[in-house]
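Listed below, chain by chain, are the residues.
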Amino acid sequence: MEVSGDFFDFFTLADGRIAWSLGDVSGKGMNAAMLMAKTISLFRCLGKTATDMADLLATLNDEIAETARHGMFVTMVAGLYDPATGEVCLANAGHQPPLFRSSDGRYEEIEAECPPLGVIAGITFVQQRLTLAGGRLFVFTDGVTEGRTNSGMLGMDGLKALLDRHAGDCAEDQLAAVSEVLLGSTGGQRLHDDLTMLAIG
């Protein structure tokens, strides 16, 4: 339980866009951690020249399907964010839906259209696009929405309420507010799952 499979990464490309990813490997322990390290390393290498996130996930999927231990898989969202235009291009391989909060406070859950990585080779993935227009995109693992608060499981409604409460904050402070609520309810005890969350915009 000390070593597991949540991961995230982001880096700036030569043209100013930001490549980012977040995901979760099935299971716990060293096997999950090793597959996590392989996935994020491949993303960092291939993402520097990728122009289409669907193609990138297809390449990752074929490599993971070939080498992953039986029954292991990776859920993952990968994207490109253009700060100049606010456009986000992303592809979702079986991961929890990213949550887009528009500038007027409306929410949209961006559902996965493809299965996790490593289940079967040769899958075609789908790239989706959205323009932030002053809104913010949140990508997270299930440890966030399944996290415990002092009043029970946070859930998607609880997460939205937290984000609304801190809507005027910068992205870093919004994430810190979510973390504080979930970590503050543990009483110093170990969390039941990893907490990993990105804010884009």
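Just above sits the structure.
Read on for a plain summary of the structure. These numbers were taken from a predicted model, which means no experiment stands behind them.

## Considering the packing of helix α4 (residues 155-165) against helix α5 (residues 171-184)
Then, number 1: Where α4 meets α5, the axes come as close as 9 Å, and the angle between the chain directions of the two elements is 130°. Considered as vectors, α4 and α5 are oriented oblique to each other. Crossing angle aside, the handedness with which α4 passes α5 is right-handed. Contact residues: Leu159, Leu162 and Leu163 in α4; Gln174, Ala177, Val178 and Val181 in α5.
Then, number 2: Of the residues assigned to the contact of α4 with α5, the class counts are 6 nonpolar, 1 polar and no charged.

## So, the sheet that holds strand β11 (residues 197-200)
Then, number 1: Taken together, the 4 strands give an open sheet; going across it, the order is β6-β5-β8-β11, and neighbouring strands pair in antiparallel fashion. Every other strand in the sheet has two partners, leaving β6 (107-109) and β11 as the edge strands with one partner each. Averaged over all pairs of adjacent strands, the angle between their axes in this sheet comes to 20°, without regard to strand direction.
Then, number 2: In terms of strand pairing, strand β5 (residues 99-101) meets β6 through 3 bridges, oriented antiparallel. Paired with phenylalanine 100 across the two strands is glutamate 108, which belongs to β6.
Then, number 3: Contacts from α4 reach β5, β6, β8 (136-140) and β11, with the element oriented near 35° to β5.

## Considering the pattern of salt bridges
Then, number 1: All told, the structure shown has 7 salt bridges when counted by the stated rule.
Then, number 2: In this structure, glutamate 63 engages lysine 38 in a salt bridge whose closest nitrogen and oxygen atoms are separated by 3.3 Å. Within this pair, whereas glutamate 63 is found in helix α2 (residues 53-67), its partner lysine 38 is found in helix α1 (residues 29-46), the two being separated by 25 residues in sequence.
Then, number 3: Under the relative-accessibility criterion, lysine 38 is labelled partly exposed at 25%.
Then, number 4: Between lysine 160 and glutamate 109 there is a salt bridge whose closest N-O contact spans 3.7 Å. You can see lysine 160 sitting in helix α4 and its partner glutamate 109 sitting in strand β6, a full 51 residues away along the chain.
Then, number 5: With relative accessibility at 19%, the residue lysine 160 sits in the buried group.

## Digging into the nonpolar core
Then, number 1: Counting 29 residues, the largest nonpolar core has Val25, Phe43, Leu57, Val74, Met76, Leu117 and Phe125 as its most contacted members.
Then, number 2: Looking at this core, the elements with two or more residues in it are β1 (6-12), β2 (18-25), α1, α2, β3 (74-82) and β4 (87-93).
Then, number 3: Examining the composition of this core, we find that 7 residues originate from one element, α2, more than from any other.
Then, number 4: Residues in contact with valine 74, not counting those within four places in the same chain, are Phe7, Asp24, Val25, Leu35, Thr39, Ile64, Ala93, Pro116 and Leu117.

The rules behind these values
- Residues numbered from 1 in each chain as written.
- Predicted model: local features only at pLDDT ≥ 70, side-chain atom pairs only at ≥ 80, totals over all residues.
- Heavy atoms only, no water.
- Axes fitted to C-alpha atoms, helices over the stretch in contact; angles between N-to-C directions.
- Helix = DSSP H or I, 4+ residues; strand = E, 2+ residues; numbered from the N terminus.
- Parallel < 35°, antiparallel > 145°, perpendicular 65-115°, else oblique.
- Left-handed = near helix turned anticlockwise from the far one by under 90°.
- Contact = heavy atoms within 4.5 Å.
- Nonpolar A, V, L, I, M, F, W, Y, C, P; charged D, E, K, R; others polar.
- Pairing = 2+ DSSP bridges.
- Salt bridge = Lys/Arg side-chain N within 4 Å of Asp/Glu carboxyl O.
- Buried < 20%, exposed > 50% of the residue type's maximum accessible area, 1.4 Å probe, protein only.
- Core = buried A, V, L, I, M, F, W, Y, C linked by side-chain atoms within 4.5 Å.

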